[in-house]
Amino acid sequence: MITAHTKHFDTIVRRMIIPCEIAIPGEENSRQTLSALWDTGATSTCISQEVAETMGLKPEDFTPVIGMENKTIEAPLYSIQISMGSFIIPYIQVIGLPMSSHEHNMILGMDVMVHGDVSITNHNGKTTLSFRQPSLETIDYSKEVRDIKRYTTMHMAWQKQGNQKCPCGSGKLWDNCHGNSVYLPKKAKY
Ligand SMILES: [Zn+2]
């Protein structure tokens, strides 16, 4: 099953904090909504120790974590379910950390992001975070730039010979294919 979730921010943001529901696996009435910071620098997902205690989560194990003043602490590991819209991870082990002084009470790390594809775009002065699982394709902006340069050059040569097809081989007209690319200036509409 393909699931996805998108968060549209009103401005450009440097910290992406979104609502994330967590629950004890199999216990729907334990559900809580946390403020989750998306952090590509975090390898593991963490939740606030205070929230873990309120929910009555039981530590399954402990893991060394470098905390305040570079001191290593033994942080508890909890198993939870995570959901954001239709995007669900039914079972994941997360680290409990003190977070009461932060505006977020959860950190979503790379262990969540590797479940699928994640995009961050900043079009028209607004940040959009979108993600889905499973991963469906590779996004390669440098290939897109290379392709549009190549196809534009070919199109100009083909056009002189009366050929309006797109050089990419799709069989579509240029105007309905790569001629309509975001990389090209938009044609004025009358
Ligand atoms: Zn094309």
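Cut-off values and rules
Residues numbered from 1 in each chain as written. Predicted model: local features only at pLDDT ≥ 70, side-chain atom pairs only at ≥ 80, totals over all residues. Heavy atoms only, no water. Donors = N, O, S within 2.8 Å, 3.2 Å for Na, K, Ca; no water. Tetrahedral: all angles 85-135°; square planar, octahedral: opposite > 155°, others 65-115°. Helix = DSSP H or I, 4+ residues; strand = E, 2+ residues; numbered from the N terminus. Buried < 20%, exposed > 50% of the residue type's maximum accessible area, 1.4 Å probe, protein only. Phe/Tyr/Trp six-rings, centres within 6.5 Å; stacked < 30°, edge-to-face > 60°. Domains from an automatic or database assignment. Expected span 1.5 Å × (residues − 1). Arc of directions from axis to C-beta. Polar contact = N/O pair within 3.5 Å; in protein donor to acceptor, adjacent residues only side chain to side chain. Core = buried A, V, L, I, M, F, W, Y, C linked by side-chain atoms within 4.5 Å. Contact = heavy atoms within 4.5 Å.

J.: Before we go on, may I ask you to explain the coordination of the zinc ion in this structure?
T.: Angles between donor atoms at a metal ideally measure 109.5 degrees for a four-coordinate tetrahedral arrangement and either 90 or 180 degrees for a six-coordinate octahedral one. Surrounding the zinc ion are the protein donor atoms Cys166 (SG), Cys168 (SG), Cys177 (SG) and His178 (ND1), which sit 2.1 to 2.3 Å from the metal. Seen from the zinc ion, its 4 donor atoms lie at angles of 105 to 115 degrees, and the figure they make is tetrahedral. Sequence positions of the donors to the zinc ion reduce to the motif C-x1-C-x8-C-H. A residue pair is termed long-range when its members are at least 10 positions apart, and cysteine 166 in the segment after helix H3 (141-160) and cysteine 177 in the segment after H3 qualify at 11 residues. In terms of burial, cysteine 166 and cysteine 177 fall into one category: buried.

J.: Before we go on, may I ask you to explain the packing of aromatic side chains in this structure?
T.: The description of an aromatic ring pair uses the distance of the two centres, along with the angle that the planes make with each other. Throughout the structure, instances matching the rule amount to 2 aromatic pairs. Ring plane angle 40 degrees and centroid distance 4.5 Å describe the contact between tryptophan 38 and phenylalanine 131, whose orientation is recorded as tilted. Taken together, the residues tryptophan 38 in strand E3 (residues 27-38) and phenylalanine 131 in strand E10 (residues 128-133) connect sequence positions 93 residues apart. With centroids separated by 4.9 Å and ring planes inclined at 85 degrees, the aromatic side chains of phenylalanine 87 and phenylalanine 131 adopt a geometry described as edge-to-face. Highlighted residues: phenylalanine 87 in strand E7 (residues 87-97) and phenylalanine 131 in strand E10, separated in sequence by 44 residues.

J.: Help me understand the domain arrangement of the protein chain in this model?
T.: How large an interface is tends to be reported as the accessible area lost when its parts come together. As assigned here, the protein chain comprises domain 1 (3-133) and domain 2 (141-180). Distance from the C-alpha centre of domain 1 to the C-alpha centre of domain 2: 43 Å.

J.: Any chance you could explain H3 here in plain terms?
T.: Think of an α-helix as turning once every 3.6 residues; residues three or four places apart then point the same way. The terminal C-alpha atoms of H3, which comprises 20 residues, lie 29 Å apart, in line with the 28 Å expected from a rise of 1.5 Å per residue. Of the residues making up H3, those classed as buried are Asp147, Ile148, Tyr151 and His155. Relative to the axis of H3, the buried residues are bounded by an arc of 100 degrees and lie together on one face. In this structure, H3 carries Arg146, Lys149, Thr153 and Lys160 as exposed residues pointing more than 90 degrees from its buried face. Of the residues that open H3, the one with a side-chain oxygen 3.1 Å from the backbone nitrogen of serine 142 is aspartate 140. Glycine 162 lies just past H3 and shows a positive phi near 85 degrees.

J.: What is the right way to look at the nonpolar core in this model?
T.: The nonpolar side chains of a soluble globular protein tend to be buried with one another. The biggest cluster of nonpolar side chains holds 28 residues, and the ones touching the most others in it are Ile22, Trp38, Ile47, Ile82, Met84 and Met106. Taken together, the elements giving at least two residues each to this core come down to strand E2 (17-24), E3, helix H1 (49-55), strand E6 (72-84), E7, strand E8 (106-108), helix H2 (110-113) and E10. Apart from residues no more than four positions distant in its own chain, isoleucine 22 is found in contact with Ser30, Arg31, Gln32, Leu34, Ile47, Val51, Met55, Ile80, Gln81, Ile82 and Met106. Counting residues in hydrophobic clusters, the runner-up holds 9 residues, among them Cys46, Leu77, Met99 and Ile107.

J.: Mind showing me how you'd approach the environment of lysine 7 here?
T.: Considering the arrangement of structural elements, one finds lysine 7 in strand E1 (residues 3-8). Excluding its chain neighbours within four sequence positions, the residues that come into contact with lysine 7 are Ile18, Thr127, Thr128 and Leu129.

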